[in-house]
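Listed here are the chains, written in short residue letters.
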Number of protein chains: 2
Amino acid sequence: MEFKISREFLSQIEQLIKENKEQELHDLLHEIHYADIAEIMEELDDYGAIYIFNTLDSEKTSEILLELDEEVRVKILRKLTPKEIAEELDELSTDDAADIIAELPQERKEQVISELEDVEHAKDIVDLLRYDEDSAGGLMGKELVKVNENWNVLTCVKEMRIQAENVSRVHSIYVVDDENRLKGRLSLKDLLTTSTKTPISEVYIPKVDSVKVDTKDVEVARIMQKYDLEAIPVVDELGRLVGRITIDDIIDVIKEEADKDYQLAAGISQDVEADDSILELTKARLPWLVLALLGGFIAVKVSGQFEGAMEEYGVLFFFTPLIAAMAGNVGVQSSAIIVQGLANNTLGGTIWQRLYKEMRLSLFNGLILSVILLLGSHFLLGVEYIIGITVAIALISVIVIASLIGTFVPITLNKYGIDPALATGPFITTSNDIFGILIYFSIAKAILGF
Amino acid sequence: MEFKISREFLSQIEQLIKENKEQELHDLLHEIHYADIAEIMEELDDYGAIYIFNTLDSEKTSEILLELDEEVRVKILRKLTPKEIAEELDELSTDDAADIIAELPQERKEQVISELEDVEHAKDIVDLLRYDEDSAGGLMGKELVKVNENWNVLTCVKEMRIQAENVSRVHSIYVVDDENRLKGRLSLKDLLTTSTKTPISEVYIPKVDSVKVDTKDVEVARIMQKYDLEAIPVVDELGRLVGRITIDDIIDVIKEEADKDYQLAAGISQDVEADDSILELTKARLPWLVLALLGGFIAVKVSGQFEGAMEEYGVLFFFTPLIAAMAGNVGVQSSAIIVQGLANNTLGGTIWQRLYKEMRLSLFNGLILSVILLLGSHFLLGVEYIIGITVAIALISVIVIASLIGTFVPITLNKYGIDPALATGPFITTSNDIFGILIYFSIAKAILGF
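Please read all numbers here as calculations on a predicted model, not as lab measurements. (Residues numbered from 1 in each chain as written. Chains lettered and ligands numbered in written order. Predicted model: local features only at pLDDT ≥ 70, side-chain atom pairs only at ≥ 80, totals over all residues. Heavy atoms only, no water.)

Novice: A description of helix 7 (residues 82-90) of chain B should follow, citing residues and the corresponding values.
Specialist: Residues and elements named next belong to chain B. Regarding helix 7, the residues found buried are Pro82, Ile85, Ala86, Glu88 and Leu89. One side of helix 7 holds all its buried residues, which, seen down the axis, span an arc of 160 degrees. In this structure, the buried side of helix 7 is in contact with helix 4 (46-55), helix 5 (58-67), helix 6 (70-78), helix 8 (94-102), helix 9 (106-115) and helix 10 (119-129). (Buried < 20%, exposed > 50% of the residue type's maximum accessible area, 1.4 Å probe, protein only. Helix = DSSP H or I, 4+ residues; strand = E, 2+ residues; numbered from the N terminus. Arc of directions from axis to C-beta. Contact = heavy atoms within 4.5 Å.)

Okay, structure coming up:
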């Protein structure tokens, strides 16, 4: 069952810290999961968080370090000596340790690495630091079980036992040649039912999915999901086995990617949380608002070009927010469907087929909405017929064009290697506002002739 | 390495189908992963998809069924007899089989169940059909390894060997009492290093995370992620072990939840894909557009109330799209940050603290944007000073209020058990358009006195 942090429990902890009752705190927290302790520490002030960290045993503190928000982790790490940090990292798997080291300033990085006890572990961590964090190399860990194709079953079982000591969970046994090139995998069952003298080359399965070190993390996620893999081996340019990626790391990639798309659609440009500082939140939000404001200037200019309509058809200006809103909403809908299709790799057909389909869809929707507008402008708003008809015709045109822009832009961005999610949100609403108003007044001018 | 479906490969397959070369097709597809075959089938017409399905071996076809889009799966299942469907399901794990049966019409459901060969399997599937698909019960499978606390190690190992036959991957060994109540778990290592006569009750670990059958799927996902679990046992109201959930099912929950939030933010009301029919896409998109249109009517009405300004200050009407766009963008930003905070459970503090912070943030952003607007309206748009100042003051007010609405609405929805993601997208942009325009003209009226 899950543990919930109650207000009372937090007060109790704060009290114990204040009274400096280290042993009691230790006993109280002993039974609590490290993920929960991390949450408790995030609720406390800096002094309290560090106090708790120091009372706990080291197997627990290393896991806690991993779970903490980066902000709190940085504070804790600042209070530790390079030797103490190295001791924490010695408890962690290579990929987790590399992630934490990567956050340290350059100088401390080197100090910490030089203090790592286990030389093999240290070598692996240094190796992992070379890779881009958004690539398979940045995701992978070094802990894996591999055997040589030239061994026999007996040697293999002996070697595996030694290797498995460092691996918390054996997902697969990989087979390599003398040059460490990945050849295939071994089924535990086959291994156990074959005579101990049999060479591995006769029992292994020569087919195994793998990714290259420079494969993008989202691509790794897609492959592992598609083929239902719990782990995948990673090879370098020469096909040599250099690491493995497990499914739990992929969950983080999937979540981050989804969060990023969502934030772009909402006009937030970097990974922020509600609890970040006002300055950080401003940095993430203001650029999009400035963009929207500049777009608004253009919309003002465009409206100004049709000033002539004001005297006789001033009512047209009451409709500009409606037209702009419809253009924006339709554009976001169209682009969001394309962005998701691209992300999930489910988008078939050519761009022309897409645009043709979107045109039929938006014509259909536009017709229904125009009828509602005609009825509404007459019965609810009491506008003259000719104005109602003008706005309705403009509305269909605006909806069709807005949806075509919403379809075209993300597909084109994607073609040129730019994240299509950029096309959703403020970008598409702002440009569609401008086009929408321009089309609206142009059609009104053609019909009403002002 | 991943397999990519080339245009040529598809043509080759289509040709073989046309020429009725079953054996050649079988050989060609034999080496290809079921997930890839599912993709190929989705690219073919109905005849082709069913033709391929019939040429393949049954271990492969059952996995393919699972991978297919629901649309294509329904078509294939319609062509199969209840007995044939039952044969496919016999190859699948209980949770996957139950998911497929749940999609069938009631009558066929019963026919298929009566044709299932393995009675235990059938009983398990029927049991799973009882649960809500969004709950732990709907996610769980029946395949697990459990031992009785009263057994000794020897019996336990023997029983485990039998049970493990039906389980593709043993994540954990669960310990239950005579009433099947979950007591704890067993470490394989402890089991292998203990004398065979030792009772299990002396070696098992009495602590194990579990969820109830009626726990919400998103809650299960959150717990498994938080505690880094690859599997979690599920218990009923009386604490009896009824199933287990594995991490691959949780990935689907996480993706679906993220997709849903994204679609709501983009104004798409159900789970649609770019390749769905125009009617389905309309059903998902039109309701939000109608809502936006009705909101637009109100905006027209509001603008109409300030018609008096048109003669002397007509230029004010050029600014309404700008004001509406800023109100919409700010509102979506604020609500998106709250929605993500709620989804990730990282939102601390009271609603008043949130609103106070948002007010300071939006005042700060609003001030910067108003200065840009003042400069822009003078140098770029050439508007009179008094108009520029009026619009700038209105802009700050609109931004502050829009961001407060964007913060307040999702928190309040969430408090009353309504999905806060509903508050993003068209809902918040439409209501903020209306409030924005109302505030804008009211302030202009107060300053300019028309």
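Novice: Lay out the interface of chain A and chain B in plain terms, naming residues and giving numbers.
Specialist: The interface of chain A with chain B comprises 108 residues on the first partner and 108 residues on the second. Summed over both sides, the interface of chain A with chain B buries roughly 9,900 Å², with 61% coming from carbon and sulfur. On the chain A side of the contact with chain B, Tyr262(A), Arg285(A) and Phe318(A) bury the most area, a combined 9% of that side's loss. The closest approach of N and O atoms between Glu358(A) and Arg285(B), which form a salt bridge, is 3.1 Å. At the junction of chain A with chain B, the criterion picks out 32 residue pairs in polar contact (both at pLDDT 80 or more). (Buried area = accessible area lost by both parts, 1.4 Å probe. Salt bridge = Lys/Arg side-chain N within 4 Å of Asp/Glu carboxyl O. Polar contact = N/O pair within 3.5 Å; in protein donor to acceptor, adjacent residues only side chain to side chain.)

Novice: Tell me about the relation of the copies chain A and chain B, residues and numbers included.
Specialist: Superposition record for chain A on chain B: RMSD 0.2 Å, screw rotation 180 degrees, translation along axis 0.1 Å. Taken together, the rotation angle and the small translation identify this as a two-fold axis. When the interface residues of chain A are mapped onto chain B, 100% of them again lie at the interface, so the same face is used by both copies. (Least-squares fit on C-alpha atoms with pLDDT ≥ 70 in both.)

Novice: Run through the domain arrangement of chain A, naming residues and quoting values.
Specialist: Examined at the domain level, chain A breaks down into domain 1 (7-131), domain 2 (145-255) and domain 3 (278-448). Here domain 1 of chain A and domain 3 of chain A have C-alpha centroids that lie 51 Å from each other. (Domains from an automatic or database assignment.)

Novice: Go over the sheet that holds strand 2 (residues 173-176) of chain B, please, and point to the residues and values.
Specialist: Residues and elements named next belong to chain B. Ordered in space as 1-2-3, the three strands form an open sheet in which the pairing is mixed. At either margin of the open sheet sits one strand with a lone partner, and together these are strand 1 (145-148) and strand 3 (182-186). With direction set aside, neighbouring strand axes in the sheet form an average angle of 35 degrees. Across four bridges, the pairing between strand 2 and strand 3 is antiparallel. Following the sheet pairing, Tyr174 is matched in strand 3 by Arg185. (Pairing = 2+ DSSP bridges. Axes fitted to C-alpha atoms, helices over the stretch in contact; angles between N-to-C directions.)

Novice: Account for the pairing of strand 6 (residues 241-246) of chain A, with residues named and values stated.
Specialist: Among the six residues of strand 6 of chain A, six are classified as buried, and the element is accordingly described as predominantly covered. Hairpin connection from strand 5 (residues 231-235) of chain A to strand 6 of chain A: five residues lie between these consecutive antiparallel strands, with Gly239(A) at a positive phi of about 85 degrees.

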